[in-house]
Amino acid sequence: MHLELIGLGKTFVNGAQNGEVRAISGIDLMVEQGQFVSIVGPSGCGKSTLLRIISGLEKPSDGKVLLDGREIVKPTHDVGLVFQQYALFPWRTMAENIEFGLEIMGMGKVERRAIAEKYIELFGMQGFEDRYPSQLSGGMQQRVAIARTLIMNPKLVLMDEPFGSLDSQTRNDMQEFLIDLRNERNDTVLFVTHNVDEAVFLSDRIVVLSKRPAKILRTFEVNAPHPRDRTSKDANDIRREVIGILKQERMSASPVDNAVHALRKFSAVRR
Amino acid sequence: MWRYLPVLLLLCLWEVLCLLGTVPNYVLPSPVEIMEGLGALLTTGMPPGRLLHNHILYSLYRVAWGFSIACALGIPLGLLMGWFPLFHRVLSPIVELIRPIPPLAWIPIAIVWLGIGMRSAAFIIFLGAFFPVLLSTASGVLSVSPILIDAARTLNANQKDIFLKVLVPGSLPSIFVGLRVGMGVAWMTLVAAEFSGVKEGYGLGFMIMTARDIQRPDQIVAGMLVIGVIGLIVDWLFRAWEARLRPCV
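Residues numbered from 1 in each chain as written. Chains lettered and ligands numbered in written order. Predicted model: local features only at pLDDT ≥ 70, side-chain atom pairs only at ≥ 80, totals over all residues.

Participant: Talk me through the overall build of chain A; I want residue IDs and the actual numbers.
Facilitator: The number of helices and strands found in chain A is eight helices and 10 strands. For a compact globule of 271 residues, the expected C-alpha radius of gyration is about 18 Å, and chain A comes in at 20 Å, within 12% of that figure. With the C-alpha coordinates aligned to their principal axes, the bounding extent of chain A is approximately 65 × 45 × 45 Å. The buried share among the 271 residues of chain A stands at 39%. (Helix = DSSP H or I, 4+ residues; strand = E, 2+ residues; numbered from the N terminus. Rg over C-alpha atoms; globule rule 2.2 N^0.38 Å. Buried ≥ 20, exposed ≤ 12 C-beta atoms within 10 Å, placed from the backbone.)

Here it is in structure tokens:
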């Protein structure tokens, strides 16, 4: 597996104001087989848009996404996407959710259930097969969503702030679970988060994005072996540096924000 | 059970008022008289010889026809309206133009087109049930979270898979609301349609109108009661069916 982003850019056309919003600009990135790469950036900077483009859900305005040298133009089961809001089908039981992709492929009921059972065991969720998502905890729901993605054995797994809506204890558990899962399967993961601690704890590489339009500001390599100490000096050093960059990004207002600000002031005076 | 006590007390008060003659029984028959009226409907029939269960069967038959056609057209059209924005834009103005016309206002033209009888009754009932089914189905499709569609797409689902495995099950709760509302309207429309004449000489609305013609308020009220109870049972059946189909909620 080899992922390559070449000069990726995205501009949204805002119909109402006849304006354009540049979300992403000139992103180049390479991810190799088995790497865990985190993308952090200020909120609203276009991280999710980036993942949606890589997954093929959205088309880039410039540049392209290459997976093993082939351009991605539409969603494929080679690229899995895990959503922050889990996006489980509420009318399907846990096992039926996990089987969804196999069912789409036309696999028979017995066969796909057998495979799903393996994942349910690997994820430590036995006994909940016939529960509906609404009957599961947030952590369990996100594990179901991850299992539903991994059962397709995607070459690349995209995760869009997957633990963003979990409480901090569950979040830590899920991070450790993800590390264990990687040891087991050696998936290639591109992980979006706004939580710097999480990125430092999980990743081989951290990519820091600027605010809109998002471009790559810096890249950190994290070489510490797993399991990692969340409070080690090395971890703290990286964390401090990343947080520093993000803070600076937030402080310096973009031209767009300046314009909006000026406009608000102007209308306030007129009133 | 004690919450039914007020109902019981009310019935007792009603009975006493009737016995004392405070309320004359040609205005409002007493509960006991109504029950006797119901008995007469079951045994003698109204008009005599035409028994209650036959009236019920004819009414249900008419509703079944009108309602089935409403579902057969309303659900697929609603799904299409929800799925294709263009279809929605084209169809909406037509729907909004026809929908405000009460089904009963269609009776004269329905009789001109289809004659008095089964077909015009089914048509009126269809009109009553069609719009709730159509609009609930369409809004059900629109209410399916786009993120579920995205999730399905990343799992390799094509348009047909998304339609059958995401949009249809996702809009099912809303479709059921439409079915229940539609059935309620169909039932109301039926009785009113039967007031204005039936060819077969059977039907709950027809039965009540006949009871009125020969001044039998006890049988009128008993007929009303039967209509209410059947409506309740039908709604309850729908809810039971829904619970079987969607055990997750």
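Participant: So what about the overall build of chain B? Which residues, and what values?
Facilitator: A count of helical and extended segments in chain B gives 10 helices and zero strands. Helices and strands appear in chain B in the N-to-C order α-α-α-α-α-α-α-α-α-α. Relative to a compact globule of 249 residues, whose C-alpha radius of gyration would be 18 Å, chain B shows 22 Å and is clearly more extended. Here chain B holds 249 residues, and the buried ones make up 37% of them. Taking all contacts inside chain B whose residues are at least 6 apart in sequence as the whole, residues at least 24 apart take part in 72%. (Contact = placed C-beta atoms within 7 Å.)

Participant: Before we move on, could you go through the pairing of strand 7 (residues 156-160) of chain A and cite the residues and values that matter?
Facilitator: All names here are of chain A. The buried fraction of strand 7 is high, at five of five residues. Side-chain alternation along strand 7 places Leu-156, Leu-158 and Asp-160 on one buried face and Val-157 and Met-159 on a second face that is also buried. Bridging between strand 6 (residues 79-82) and strand 7 involves four bridges; their strand directions are parallel. When the bridges of strand 7 are listed, Leu-81 appears paired with Leu-158. Strand direction decides the pairing type here: strand 7 and strand 8 (residues 189-192), joined by four bridges, are parallel. Bridging across to strand 8, Leu-158 finds its partner in Leu-190. With helix 5 (residues 168-185) bridging strand 7 and its parallel neighbour strand 8, the resulting β-α-β unit is right-handed. (Pairing = 2+ DSSP bridges. Right-handed = clockwise from strand over helix to strand, strands pointing away.)

Participant: Describe unusual backbone geometry, naming the residues involved and giving the relevant values.
Facilitator: In this chain, A:Arg212 is followed by A:Pro213 through a cis amide linkage whose omega measures -10 degrees. In this structure, B:Pro47 follows B:Met46 across a cis peptide bond, with omega equal to -15 degrees. Residue position: B:Pro47 is located in the loop between helix 2 (31-43) and helix 3 (52-83). The backbone phi angle of A:Tyr86 is positive, close to 65 degrees, even though this residue is not glycine. Its place among the elements puts A:Tyr86 in the loop between strand 6 and helix 2 (94-105). Taking the number of C-beta atoms within 10 Å as the measure of exposure, A:Tyr86 has 22 and is therefore buried.

Participant: Could you give an account of the sheet that holds strand 4 (residues 62-67) of chain A, naming the residues involved and the relevant values?
Facilitator: In sheet architecture, strand pairing relies on hydrogen bonds along the backbone and comes in two forms, parallel and antiparallel. Residue and element names in this part refer to chain A. Taken in spatial order, the four strands make up an open sheet running 2-1-4-5, and their pairing is antiparallel. Taken across any chain shown, the strands that pair with only one partner, and hence form the sheet edges, are strand 2 (19-32) and strand 5 (70-71). Pairing geometry for strand 1 (residues 2-14) and strand 4, over five bridges, is antiparallel. Looking at strand 4, one finds that Glu-4 is bridged to Leu-66. Packing against the sheet, helix 1 (residues 47-55) makes contact with strand 1, strand 2 and strand 4, and its axis sits at approximately 65 degrees to strand 2. (Axes fitted to C-alpha atoms, helices over the stretch in contact; angles between N-to-C directions.)

Participant: How would you sum up the interface of chain A and chain B? Please name residues and give values.
Facilitator: Taken together, the contact pairs 20 residues of chain A with 14 residues of chain B. Of all elements in the fold, only strand 6 and helix 2 of chain A reach the threshold of two or more residues within the side of chain A that touches chain B. Tallying contributions element by element places helix 2 of chain A first for the side of chain A that touches chain B, with four residues. Across the side of chain A that touches chain B, the residue classes break down as 13 nonpolar, seven polar and no charged. (Nonpolar A, V, L, I, M, F, W, Y, C, P; charged D, E, K, R; others polar.)

Participant: Go over the nonpolar core with me, naming the residues and quoting the values.
Facilitator: Core analysis: the biggest nonpolar cluster contains 124 residues, and A:Leu158, B:Ile125 and B:Ala129 have the highest contact counts within it. Taken domain by domain, this core gets at least three of its residues from each of domain 1 (1-78 + 154-169 + 183-251) and domain 2 (88-153) of chain A. Here A:Leu158 is in contact with A:Leu51, A:Ile54, A:Ser55, A:Val79, A:Gly80, A:Leu81, A:Val82 and A:Leu190, once residues within four sequence places are set aside. (Core = buried A, V, L, I, M, F, W, Y, C linked by C-beta atoms within 7 Å. Domains from an automatic or database assignment.)

Participant: Before we move on, could you go through the confidence of the model for chain B and cite the residues and values that matter?
Facilitator: For chain B, the average pLDDT comes to 90, and 98% of its residues sit at 70 or higher. Listed scores for the predicted complex are pTM 0.82 and ipTM 0.85. (pLDDT = per-residue confidence, 0-100.)

Participant: Please give an account of the confidence of the model for chain A that cites residues and values.
Facilitator: Per-residue pLDDT for chain A averages 86, and the proportion of residues at 70 or more is 92%. Mean pLDDT in chain A bottoms out at helix 8 (residues 255-270) of chain A, which sits at 56, and peaks at helix 2 of chain A, which reaches 94.

Participant: Outline the packing of helix 2 of chain A against helix 4 (residues 138-150) of chain A, supporting the account with residue identities and numerical values.
Facilitator: Residue and element names in this part refer to chain A. The N-to-C vectors of helix 2 and helix 4 enclose an angle of 30 degrees; their axes lie 7 Å apart at closest approach. Classed by the angle they form, the pair helix 2 and helix 4 counts as roughly parallel. The handedness of the crossing between helix 2 and helix 4 comes out as right-handed. Two secondary-structure elements touch here, helix 2 through Met-94, Asn-97, Ile-98, Phe-100 and Gly-101 and helix 4 through Val-144, Ala-147 and Arg-148. Along the lines of polarity and charge, the residues of the contact of helix 2 with helix 4 split into five nonpolar, two polar and one charged. (Parallel < 35°, antiparallel > 145°, perpendicular 65-115°, else oblique. Left-handed = near helix turned anticlockwise from the far one by under 90°.)

Participant: With reference to specific residues and values, describe the sheet that holds strand 10 (residues 216-221) of chain A.
Facilitator: All names here are of chain A. Spatial strand order, 6-7-8-3-9-10: six strands in an open sheet with mixed pairing. Each end of this open sheet is capped by a strand with a single partner; those strands are strand 6 and strand 10. The mean angle between the axes of side-by-side strands here comes to 15 degrees, regardless of whether they run parallel or antiparallel. Of the pairings in the sheet, the one linking strand 3 (residues 36-40) to strand 8 comprises four bridges and is parallel in character. Pairing of Phe-36 across the sheet is with Val-189, part of strand 8. The sheet strands contacting helix 4 are strand 6 and strand 7, and the helix crosses strand 6 at an angle near 170 degrees.

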